[in-house]
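Fold and contact review
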Amino acid sequence: MAHGLILGLNQYTHSAAACLLAADGTLLFAGEKERLTRKKHDGGDVAVLVEHALDSVGATLEDVALVVANNHLFRIDRFHRTLKWDTALFSYQESYVSPYNLLPGVKRLELSHHLAHAWSVMPLAPFDEGVIVVMDGMGSTLHEMRMPGVDYYSEFDVPEANGFQSVPEQLEHDGISDKAFGWREGETAFSFKGTDLQRVFKRWIAEPTPALLHNYGFENMESLGAVYSRAASHIFGDWNTCGKVMGLAPWAPSWAKDKPRRPVMTGPLESLQVDRARLRDEPAPNAWSDGANHADYARFAADIQSDLEEVVLDYLKRLRESTGAKNLAFCGGVALNSTLNGRIHREAGFEQVFIPPYPGDQGLAVGCAYFGRHSLAEQGGNGVEAVATPPTAAAAQMPYCGHEYGASDIEDAISEYGPWLEEADIKELPLLEVVADALADNQVVAWCSDRSEFGPRALGNRSILADPRDGENIRRINTAIKKREAFRPFAPTVLAEQAGEWFDDVTPSPYMSLTVPVKPDKAALIPAVVHVDGSARIQTLERAAHPRYYALIEAFAERTNVPMVLNTSFNIKGEPIVESPREAAWSFLRSELDLLVLGPRLFRRKDLPDPLTGDVIPHAIKNFSAEVVSDSEGETMSVRLMTRGETFDIDQLELGLLEAADGTSTLGEIVEFFQAEWDVEHGVIINKIDSLFNQCLISIKSDVQG
């Protein structure tokens, strides 16, 4: 690996991410911390992620020439001044002072939040000029953007376009108003040509409450993203579940038909009005588990979705008219709203609209990396030459730019989970033919192959695939497989050349970014990918973008005359998308999926022997620990088992069976012991063995030698 790598980071905040570029601008790696730690939207330090990124490309810390980072909560340069001291006092984990997090000796730059967002789309957009619009929950503070700092860059380093507008007017020049604790970026617009940016518009949002409140007082701010997230927090108890709000909104006509629409946000954007009284008084916060609240929630979701669409479309139409721009690049968390995106494509009037596969804060790492390369090119340092055209090779590689897992990684997964997996014999037919047959037979397939996707959408490498023709697959996948809310819709991956035969107003959507209407005469043929309002969030697939995935859908179409499959992310509720073959195997075994693809290999779930005879040998998982809670009289109240980084709630009998299943006793001997010593019936013991087997805590071998 050559020296001169450029590392972009989203650091010390949610959705921590890293992007590695070669000196010539080649995109080598982009990934998110959550995929490694298995904590959704994980933030904080990036030590484990940077080490993973460098390992992925065969590089070391010595190969990194420049690091560029972003954090929208505070300035990193000042945070680092006392970080070692703070860590010594246990304010932060030791990983915060790891060389992989601090990168000592490497030149470091820092960007403000919306500037980093802009750079995440400008180099990869399929056009050389246009406008960039950033809309999210909250960006950097005005105070910190104006604060002096070495190698810190903000929008104040970007020239203003003619007619530049700042809202509130003159705030940037007159200082902080006494009406707020501070001000943050809300929405921003730039114009660009090549890599030359100009500032067109900025709306600052007040911080009306102290930053020490929950989530920095985010729920009290009034950017478009913050108000929408306020609805997500109210309904689902999580500000980062805006996608659920969008999916819930179309249910209002049936669930809340007697509840009239009540706007929450009223435009225009420049003087946005927010009904704070409604936000405060909306009933039943965070009580989704009570179905009696669903009608009110659906009405709330529909109102906030409609408001968002009206305000954004009005602003974008006026922006296009005032700038004369033909092309739009749209990013920030609001750009994850595929229903809004569909309307932007159809109604805003731009010739081209580009939304990257990473519009949220993970994309900041990409923006930081490309800003760093541009900075080096301008300085003529590190052998970097400036480029005026977008790096099309990198754009083509996106979003499949995670770690490349190989045969040894699959073997590691099988060595751990092999006792519960059965490999399918696919010697007679190619893998794609076998999987296409299974999908046509209405089996649900988990697919983990090649490099993982960067961004929140699974686009064919970490996907759950199913037949779109069976509407029952909505219930099955939501409840039995992904274990999430039943109202959530599913997306189709459709062959691009045939998308117009099935959907109206089709425009390229390679990253599953936008929603379109399903043709009325086709909807009944693909009910599993049609939402209640007759729409679908499509992924249009070109052969060149992913030949293997394209060939699979082609094979499915040959069997069914339907050129698409249901595609949803390969994960279980509350978890990130699977990253490694090991995680794929574990998620597969915890759900009711039918088949698992790991690279070139195909697996099914192994069943317990039937009949389960007494001469088989149960083997408990190794290296487990248990925590037993008893009452004052010594009676067991609960048993919690810890293994593989997971916890399991089991009972005392199951713990006893695990301790007895040491590989030296047959099942018959174990059953006989527990019948005599514990006075437990044979059938109860067998049921417990079955439960432990299904949780991958006990495996079964047919002889004492194993």
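Criteria and thresholds
- Residues numbered from 1 in each chain as written.
- Predicted model: local features only at pLDDT ≥ 70, side-chain atom pairs only at ≥ 80, totals over all residues.
- Heavy atoms only, no water.
- Pairing = 2+ DSSP bridges.
- Helix = DSSP H or I, 4+ residues; strand = E, 2+ residues; numbered from the N terminus.
- Axes fitted to C-alpha atoms, helices over the stretch in contact; angles between N-to-C directions.
- 1 Å grid on protein atoms, 1.4 Å probe; cavity = no way out; pocket = protein on both sides within 12 Å on 5 of 7 lines; lining within 4 Å.
- Points joined across faces, edges and corners; volume = space filled by probe spheres on them.
- Polar contact = N/O pair within 3.5 Å; in protein donor to acceptor, adjacent residues only side chain to side chain.
- Contact = heavy atoms within 4.5 Å.

**Here we look at the sheet that holds strand 17 (residues 462-466)**
Paired through backbone hydrogen bonds, the strands of a sheet run either parallel or antiparallel to each other. What the nine strands build is an open sheet, ordered 15-23-22-16-17-21-18-20-19; its pairing is mixed. Both edges of this open sheet fall to strand 15 (421-423) and strand 19 (514-517), since each of them pairs with a single strand only. Between one strand and the next, the sheet's axes are offset by a mean angle of 35 degrees, whatever the strand orientation. Examined bridge by bridge, strand 18 (residues 491-495) and strand 20 (residues 535-541) share three bridges and lie parallel to one another. From the neighbouring strand, T493 faces strand 20, where its bridge partner is Q539.

**Observations regarding empty space enclosed by the protein**
Going through the model one piece at a time under the given rule, you end up with five cavities of 30 Å³ or more. One number sums up the size of the largest cavity: a volume of about 60 Å³. G31, E32, R35, S452 and E579 are the residues nearest the centre of the largest cavity, which is lined by 13 residues in total. Residue assignment for the lining of the largest cavity shows that the elements contributing at least two residues are strand 3 (27-32), helix 1 (34-37) and helix 2 (47-56). Considering every element that reaches the lining of the largest cavity, the biggest residue donor is strand 3, with four residues.

**Observations concerning the side chain of R108**
By secondary structure assignment, the location of R108 is in strand 5 (residues 107-111). Here the side chain of R108 touches Q11 through a polar contact of 3.3 Å, side chain to side chain. Filtering out sequence-adjacent residues up to four positions away, R108 remains in contact with Q11, L66, V67, A69, I76, H80, N101, L102, L103 and D151.

**Here we look at the sheet that holds strand 10 (residues 196-207)**
In spatial order, the strands read 8-10-9-6-13-14; together these six strands make up an open sheet with mixed pairing. The sheet terminates laterally at strand 8 (160-167) and strand 14 (352-354), the two strands that pair on one side only. Each strand of the sheet is rotated relative to its neighbour by a mean of 15 degrees, with strand direction disregarded. Note that strand 6 (residues 129-135) and strand 13 (residues 327-331) share four bridges and pair parallel. By the bridge assignment for strand 13, V131 is matched with L328. Helix-sheet contacts for helix 6 (residues 113-121) involve strand 6, strand 9 (182-193), strand 10, strand 13 and strand 14, and the interaxial angle to strand 9 is about 30 degrees.

Function-wise, these values are silent; they only describe arrangement.
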